[in-house]
Amino acid sequence: MADEYDFLFKIVLIGDSGVGKSNILGRFTRNEFNLESKSTIGVEFATRTVTVDGKVIKAQIWDTAGQERYRAITAAYYRGAVGALLMYDISKPETYEGVNRWLNELREHAVSQIVIMLVGNKCDLKHLRAVSTDEARQFAEEKKLLFIETSALDATNVELAFQNILTEIYRQHAEQTTLQADFAQIKPSQGQTISFTQQPDESKSSCC
Amino acid sequence: MRRQPEMAEVDRTEYVFGENGGLGAPSSSFFRRIASMAPQPSDEDESDTFQRTVGAGYTYADQIAPNKIKRTKSRQDKHKGRRGSYFDLDDDWDANVEHNLVDGAKFKKSLAGQAMESAESLAFAECEEMNNRISRIRRFQAVLDAPIVDLAHLKKLSYTGVPEELRPKTWQLLLGYLAPNGERRERTLAKKRQEYHNGVQQVFNTGLDEQMWHQISIDVPRTNPHIKLYSHPIIQKALERILYLWAIRHPASGYVQGINDLVTPFIQTFLQPHVEHASVDDLDPETVPQQSMRDIEADAYWCLTKLLDGIQDNYIHAQPGIHKQVAQLQDLCTRLDRNLVEHLRSEGIEFMQFSFRWMNCLLMREVPMGCTIRIWDTYISEGPQGFSAFHVYVCAAFLNYWKEQIKVKDFQDIMVFLQALPTADWTEKEVELILSEAFLFQTLYKTGSAHLK
């Protein structure tokens, strides 16, 4: 694959231990789900290129360890990140309760314009659901976060989650650029609108 | 030669020891290799060929096997096929080994009639290898059997690898868990084991630290998921108890992800005497007597404790030990190969990005279990500095091993490469190369770099 792209966006995956960060990354970048995955130590890295509004966007994704002790090292990766998938497990309420702590982490270490998407993972575990979709969606609205529920196991919404956050980042970026220079042909975006119901503009993933 | 049929029958289940501390090849495959060197008669079945070839060329087995046959047979009767406790391993045959060493020259001569020069030298090499291995075991055994074990001597021997069957005892002695004084050993050991089980009972009877327990309970099923042994509830429960007790007893760090990995080489090594031919990876722990399992669990706990005592700074708040080691690694690599470090820098790669895990999990995530165990032979024999200071030299040698590949890659490819290095097929051979290079680096740079201490 020729490694050509229009934009490079750095994204971090954060959230409590065991919510499925490494597997959502595996699903998105390699279309794999690993039942025998080990805990992530420190940080792991993967990339994938997708197309948004006709532009080739390379997502450089940093998957972080969830345990508290690793915050010092993982926080270093928030620097320069333009997007964050903040994940919890819909079957484990304590991982949802941890979301506020993670938001504080981002506030402290990341740039203020970072686009954050709240991701309720493991939505295949319907019979074990402990966090309601409505509650999480409402919370996301209040905090101005994108929101989606996914399953890395059966691949539900994994593409969409990344496509949505990359689209949002791209549009914000484009908007900013328009303000600074004459950036023709770019429609102004909806800003920080919570766009979990909004589909990306017919864009398709292009490779990997 | 009269013994051949009996020997063939039993020895197929025996192992021919590998030189470097591994189990070596099953003797049957060794014999088959020998057999394949001889001219093949066309219409004979394998066992026939096997026996004939052994009779013709294999004076070694003839000399060493009778003792082992006797031992194995009686053991098999006694323990229904399981090997006995490692504490009494080998003491009944070692004394005679000295006289049973193969006369390499004679062996060579006996093959000389067969017009297969290369096969001859190969067989000769194997024979030499076995001799080395046997005399190595003998040297270890002599040290281990002394009334008071000479730890300095044992360290020196262990540096280049410990024979598998003597590894549990050797590690436990060198880590300071087993008493060097043979007279006191059993008593203190029993006390320590009891102490562990009392401790477990105590911490599980007083309200759980929910957060700590939660982290351990989600990490245990993710511990060595590629090795069957660790999917068994008996092992998982043991890991939980070991990790939880350790975490509660060490509140400055508590349980940190990756420590779960560090227990497993002990489990693996201490279970080894309970495995007959197959790999311990596939052992069904239900075949291990309950009492032995309890003892192994306690031993693994104490050995883990000894190991972690020396690297506590890796796991306390902000993990200063790891930060220091990563800085040392970068410094050392700059001295070794400035171009490599410059390439990494120009690609925007920081040492922290790839070597954090190397430090946190002592390279366990980078090489197969057998390799880790061999590395630990050397670390343990290095003393308290083995898992910290010497580990940095090993990491430098490890990075150095891949430098040519790294130098032609860009940021993304280097990151992906270093996260999943192609070491799945590694054996002790590759690891020993790394270790000896690390030793060289240490010799070259230690005196000039007091900061690496």
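Definitions and limits used
Here the residue numbering is sequential within each chain, running from 1 through the sequence in written order. Chain letters and ligand numbers both follow the written order, the letters beginning at A and the numbers at 1. Totals for whole chains, interfaces and linings use every residue, but because this is a predicted model, local features are given only for residues with pLDDT of at least 70 and side-chain atom pairs only at 80 or more, for both listing and counting. Hydrogen atoms and water are omitted, and side-chain values are computed over all heavy atoms in the structure. UniProt positions are given in the numbering used here, feature names are shortened, and annotations may be inferred rather than shown by experiment. In this description a helix means any DSSP run of H or I spanning at least four residues, a strand means any run of E spanning at least two, and both kinds are numbered starting from the N terminus. Working definition: with a 1.4 Å probe on protein chains only, accessible area under 20% of the residue-type maximum means buried, over 50% means exposed, and in between means partly exposed. Note on contacts: a residue pair is in contact if any heavy atoms of the two residues lie within 4.5 Å. Values of accessible area rely on a 1.4 Å probe in the Shrake-Rupley scheme; residue burial ignores everything except the protein chains shown. These domain limits were set by an automatic method or by a database of domain assignments. Reported buried area values correspond to the accessible surface (1.4 Å probe) lost by two parts on association, with both partners' losses combined. Salt bridge criterion: a side-chain nitrogen from Lys or Arg within 4 Å of a carboxyl oxygen from Asp or Glu. Under the rule applied, a polar contact is a pair of N or O atoms within 3.5 Å (in protein, one hydrogen donor and one hydrogen acceptor; residues adjacent in sequence only if both atoms are side-chain atoms). For this scheme, ten residues count as nonpolar: Ala, Val, Leu, Ile, Met, Phe, Trp, Tyr, Cys and Pro. Four count as charged, namely Asp, Glu, Lys and Arg, and the remainder, Gly too, count as polar. Think of pLDDT as the predictor's per-residue confidence, scored from 0 to 100. A pair of aromatic rings is counted whenever rings of Phe, Tyr or Trp (Trp by its six-membered ring) have centres within 6.5 Å, and the orientation is called stacked for planes under 30 degrees apart, edge-to-face for over 60 and tilted otherwise. A pair of strands is treated as paired once DSSP finds two or more bridges between them.

- Looking at an unreviewed UniProt entry, one finds chain B named GTPase-activating protein gyp1, with Wickerhamiella sorbophila as its source organism.
- Per UniProt, the comment on chain B under Subcellular location (unreviewed entry) is "Golgi apparatus, Golgi stack".

- The name recorded for chain A in an unreviewed UniProt entry is Ras-related protein Rab-11B, from Wickerhamiella sorbophila.
- What the UniProt record of chain A gives under Sequence similarities (unreviewed entry) is the line "Belongs to the small GTPase superfamily. Rab family."
- Heading Subcellular location (unreviewed entry) of the UniProt record for chain A holds this comment: "Golgi apparatus membrane".

### Section: the overall build of chain B
Part 1 of the argument: The helix and strand tally for chain B stands at 22 helices and 2 strands.
Part 2 of the argument: The 453 residues of chain B split such that 56% are buried.
Part 3 of the argument: For chain B, restricting intrachain contacts to residue pairs at least 6 apart in sequence, the fraction spanning at least 24 positions comes to 74%.
Part 4 of the argument: Of the accessible surface of chain B, which amounts to about 19,700 Å², a share of 51% is contributed by carbon and sulfur atoms.

### Quick look at the domain arrangement of chain B
Interfaces are often sized by the amount of accessible area the parts lose when they come together.
Residues and elements named next belong to chain B.
Part 1 of the argument: Taken domain by domain, chain B holds domain 1 (174-309) and domain 2 (320-453).
Part 2 of the argument: Placing a centre on the C-alpha atoms of domain 1 and another on those of domain 2 gives a separation of 27 Å.
Part 3 of the argument: Listed per partner, the contact involves 15 residues of domain 1 and 12 residues of domain 2.
Part 4 of the argument: Summing the contributions of domain 1 and of domain 2, the shared interface buries around 1,100 Å²; its carbon and sulfur component is 77%.
Part 5 of the argument: Taken together, the links from domain 1 to domain 2 amount to 1 salt bridge.

### Brief notes about the environment of Glu44 of chain A
Part 1 of the argument: Residue position: Glu44 of chain A is located in strand β2 (residues 43-52).
Part 2 of the argument: Look at Glu44 of chain A and you get partly exposed, because its relative accessible area is 22%.
Part 3 of the argument: A sequence separation of 18 residues divides Glu44 of chain A from Trp62 of chain A, and the C-alpha atoms of the two residues are 5.7 Å apart.
Part 4 of the argument: In this view, Glu44 of chain A contacts Ile61, Trp62 and Asp63 of chain A together with Arg357 and Gln419 of chain B; residues no more than four positions away in its chain are not counted.
Part 5 of the argument: A polar side-chain atom of Glu44 of chain A sits 3.1 Å from a polar atom in the side chain of Arg357 of chain B.

### Quick notes on the interface of chain B and chain A
Part 1 of the argument: Listed by partner, the interface residues are 31 residues for chain B and 26 residues for chain A.
Part 2 of the argument: In this structure, Arg357 of chain B engages Glu44 of chain A in a salt bridge whose closest nitrogen and oxygen atoms are separated by 3.1 Å.
Part 3 of the argument: Here chain B and chain A share 14 residue pairs in polar contact (both at pLDDT 80 or more) between them.
Part 4 of the argument: When residues of the side of chain B that touches chain A are traced back to their parent elements, those giving at least two are α11 (210-219), α17 (351-360) and α21 (411-419) of chain B.
Part 5 of the argument: The residue inventory of the side of chain B that touches chain A, partitioned by class, reads 14 nonpolar, 12 polar and 5 charged.

### What to know about the UniProt feature "domain: Rab-GAP TBC" (unreviewed entry) in chain B
Part 1 of the argument: Per the UniProt entry, the sites bearing "domain: Rab-GAP TBC" (unreviewed entry) are residues 161-383 of chain B in this numbering.
Part 2 of the argument: Across residues 161-383 of chain B, the secondary structure splits into 64% helix and 0% strand, with the terminal C-alpha atoms separated by 14 Å.

### Regarding the confidence of the model for chain B
Do not read the predicted coordinates in detail wherever pLDDT is low.
Residues and elements named next belong to chain B.
Part 1 of the argument: This prediction gives chain B a mean pLDDT of 81; 73% of its residues lie at or above 70.
Part 2 of the argument: Predicted confidence is poor over residues 1-109, with pLDDT under 50, and the contacts of this stretch with residues over four places away or in other chains come to 183 contacts.
Part 3 of the argument: For this predicted complex, the interface confidence score (ipTM) comes to 0.85, while the overall pTM stands at 0.78.

### Comments concerning the packing of aromatic side chains
All names here are of chain B.
Part 1 of the argument: Tallied over the full model, the rule gives 33 aromatic pairs over all chains.
Part 2 of the argument: Judged by centre distance (5.0 Å) and plane angle (80 degrees), the ring pair of Tyr301 and Trp302 falls under edge-to-face. Note on accessibility: Tyr301 and Trp302 belong to one class, buried.
Part 3 of the argument: Members of the aromatic cluster, each reached through a chain of ring pairs, are Tyr159, Trp171, Phe266, Phe270, Trp376, Tyr379, Phe387, Phe390 and Phe439.

### As for the pattern of salt bridges
Part 1 of the argument: Counted under the stated rule, the structure contains 23 salt bridges over all chains.
Part 2 of the argument: Here Glu32 of chain A ties to Arg30 of chain A by a salt bridge, and the two come within 3.2 Å at their closest N and O atoms.
Part 3 of the argument: Exposure remark for Glu32 of chain A: the relative accessible area of 41% places this residue in the partly exposed category.
Part 4 of the argument: According to the relative accessible area criterion, Arg30 of chain A is partly exposed, its value standing at 47%.
Part 5 of the argument: For Lys407 of chain B, the salt bridge identified is with Asp337 of chain B, shortest N-O distance 2.9 Å. In this pair, Lys407 of chain B sits in helix α20 (residues 403-407) while Asp337 of chain B sits in the loop between α15 (320-336) and α16 (338-346), placing the two residues 70 residues apart along the sequence.
Part 6 of the argument: A residue is classified by how much of its surface remains accessible, and Asp337 of chain B, at 9% relative accessible area, is buried.
Part 7 of the argument: The network of salt bridges with common partners includes Glu44 of chain A together with Arg357 and Glu366 of chain B.

### Side note on the pairing of strand β5 (residues 115-121) of chain A
Residue and element names in this part refer to chain A.
Part 1 of the argument: Where burial is concerned, most of β5 is hidden: 7 out of the 7 residues are buried.
Part 2 of the argument: Residues Val115, Met117, Val119 and Asn121 line one face of β5 and the alternating positions Ile116, Leu118 and Gly120 line the opposite face, and both faces are buried.
Part 3 of the argument: Relative to β5, strand β4 (residues 83-89) runs parallel, the two sharing 7 bridges. Paired with Met87 across the two strands is Val119, which belongs to β5.

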